[in-house]
Amino acid sequence: MGYVLSNDGFEQVIQSLGQKYRLFAPVRKKGAGRFTDIDVILYDEVKHADEIELSAKSDYSFKEFLTPLSETLFFFTESQCRETELSEQPVLIFLRSCDLHALRRLDQIYLENGPEKDWFYMRRRGLVSFALIGCPESFENCFCASMGTNRTEDGYIFSVEPDEDGVRCSLAEPSADVGETSLDTLFAENALREAEVAPSFVTENKVKVEIPDKVPASILKDPLWDEYTVRCINCGRCNFVCPTCTCYTMQDVYYTDNGKVGERRRVGASCMVDGYTNVAGGGQYRRTNGERMRFKVLHKIVDFRKRFGYDMCVGCGRCDDVCPEYISYTNIIKKVLGASAKENGEVNGK
Ligand code: SF4
Ligand code: SF4
């Protein structure tokens, strides 16, 4: 079931959805990229349809609502501790197929990785519904088809993508309650016409990777990592844009000199930056950028799978898009495949 809407009709839909939900979507920030004339597309709260960037991949991911880069968790005094308040208004996030798959990875880590669920993540997660942005074509550096994240059949209430008349939307949950009416009534009242609409999914990308089935232990000492000790500047951007990176650190901010009154913050961390593996006594597990790269890459395509049965990486390509040193993560995967095949005595990775 679906509809074609003019841009004005979609604005009416957004206005109505905004009565119930806080709306978060990719937004193009003009000239706010790494150089003055470069735009950046990041997630922000939107009030109008024309703020939503439907035609380009976002540089940063949707995860920033669920796991903000910096979040105060609670306040403390000598005798009391109180968690921060969070608006209970439902949230609707617009995102693409690969990012919906990334959500499964975030849920895995924050909710299903041990006996305790992460309460602060859970309270945000419980507020959120999703709207899918269709992908009629692949973007630069995407390799979602190789990772099996190019399609998604559920987990969203409707999809939207550009159309020559405005936008076209398919309703996955037409009876969803979106305030004073159902989703279907809301779209029907604002549509140009009803139409057979299904979300677009890419079926192949220019960038293709093959994830090695077996990675030998010798990969840990392989010289392939040395190049990144020289090239990588450990800025951590590849982690911060990644929809599946979940590491954070804790910071206490004291309001008094005696350190007994203050707040505790959860702040995003990066396995690529200095200090991430520091331990008491001045030790550091991974000193070189090559060792850090080895950890990051093998975590994404080997270690997470060993633990949970599927790869962590969803193939969004944002790490390649954002790296100031033009380091290609997909090339590294290819090198790991080649080194593994050589060690396993295989030909062409088979
Ligand atoms: S974005 Fe590039 S330079 Fe920065 S830490 Fe990642 S790989 Fe290294
Ligand atoms: S590792 Fe790179 S390609 Fe994979 S999910 Fe993270 S940002 Fe996307």
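Before going into details, it helps to say that this report is about the structure given with it. Because the structure is a prediction, the values reported are computed rather than measured. (Residues numbered from 1 in each chain as written. Chains lettered and ligands numbered in written order. Predicted model: local features only at pLDDT ≥ 70, side-chain atom pairs only at ≥ 80, totals over all residues. Heavy atoms only, no water.)

## Considering helix α6 (residues 183–190)
Taken together, the buried positions of α6 are L183, L186, F187 and N190. Burial along α6 is one-sided: seen end-on, the buried residues are contained in an arc of 90°. On its buried side, α6 packs onto β1 (2–5), α1 (7–20), β8 (158–163) and β9 (166–171). (Buried < 20%, exposed > 50% of the residue type's maximum accessible area, 1.4 Å probe, protein only. Helix = DSSP H or I, 4+ residues; strand = E, 2+ residues; numbered from the N terminus. Arc of directions from axis to C-beta. Contact = heavy atoms within 4.5 Å.)

## Topic: helix α11 (residues 329–343)
Between the first and last C-alpha of α11 there are 21 Å, a value that for 15 residues agrees with the 21 Å anticipated at 1.5 Å per step. Residues of α11 that are buried: Y329, T330, I332, I333, V336, L337, A339, S340 and A341. On its buried face, α11 sits against α7 (226–231), α9 (289–308) and α10 (318–322). Once α11 ends, the next one or two residues include G345, with phi positive near 70°. (Expected span 1.5 Å × (residues − 1).)

## With respect to the site of ligand 1
Taken together, 13 residues lie near ligand 1, and C232, C235, G236, C238 and C323 sit nearest. For the shell around ligand 1, the per-class residue count stands at 9 nonpolar, 2 polar and 2 charged. (Near = heavy atom within 4 Å. Nonpolar A, V, L, I, M, F, W, Y, C, P; charged D, E, K, R; others polar.)

## Concerning the site of ligand 2
In the region of ligand 2, the neighbouring residues are F143, C242, P243, K300, C313, V314, G315, C316, G317, C319 and Y329. Split by residue class, the shell around ligand 2 holds 8 nonpolar, 2 polar and 1 charged.

## As for the nonpolar core
Core analysis: the biggest nonpolar cluster contains 29 residues, and F10, L17, L92, F94, F158, L183 and F187 have the highest contact counts within it. Only β1, α1, β2 (22–29), β6 (91–95), β7 (128–133), β8, β9 and α6 provide two or more residues apiece to this core. Looking at this core, the element that brings in the most residues is α1, giving 4 residues. Residues I211, C238, C323 and I333 belong to the second largest nonpolar core, which totals 27 residues. (Core = buried A, V, L, I, M, F, W, Y, C linked by side-chain atoms within 4.5 Å.)

## Details of unusual backbone geometry
The backbone phi angle of N141 is positive, close to 75°, even though this residue is not glycine. Checked against the element boundaries, N141 lands in the loop between β7 and α5 (144–147). Look at N141 and you get partly exposed, because its relative accessible area is 21%. Positive phi, normally seen in glycine, also occurs at Y326, with a value near 55°. Structurally, Y326 is set in the loop between α10 and α11.

## Thoughts on the side chain of T67
The topology assignment puts T67 in the loop between α2 (63–66) and β4 (70–76). With residues up to four places along the chain from it excluded, the contact list for T67 reads Y110 and Y121.

## With respect to the packing of α9 against α11
For the pair α9 and α11, interaxial distance at closest approach is 11 Å and the crossing angle is 80°. With respect to each other, α9 and α11 are oriented roughly perpendicular. Each of M293, V297, L298, K300 and I301 in α9 lies in contact with α11, whose residues at this interface are Y329, I332, I333 and V336. Split by residue class, the contact of α9 with α11 holds 8 nonpolar, no polar and 1 charged. (Axes fitted to C-alpha atoms, helices over the stretch in contact; angles between N-to-C directions. Parallel < 35°, antiparallel > 145°, perpendicular 65-115°, else oblique.)

## Topic: the sheet that holds strand β5 (residues 81–83)
Within the open sheet, the 4 strands sit side by side as β5-β4-β12-β11. Their pairing is antiparallel. Two strands close off the open sheet at either side, each with one partner strand: β5 and β11 (248–254). Taken over all neighbouring pairs, the strand axes of this sheet differ in orientation by 25° on average, direction set aside. (Pairing = 2+ DSSP bridges.)

## Remarks on the packing of α1 against α6
Close contact between α1 and α6 brings their axes to 9 Å; oriented N to C, the two are set at 150°. One finds that α1 runs roughly antiparallel with respect to α6. Like other packed secondary-structure pairs, α1 and α6 cross with a definite hand, here right-handed. Where α1 abuts α6, its residues G9, Q12, V13, S16 and L17 lie against L183, L186, F187 and N190. A breakdown of the residues in the contact of α1 with α6 according to their chemical character gives 5 nonpolar, 4 polar and no charged. (Left-handed = near helix turned anticlockwise from the far one by under 90°.)

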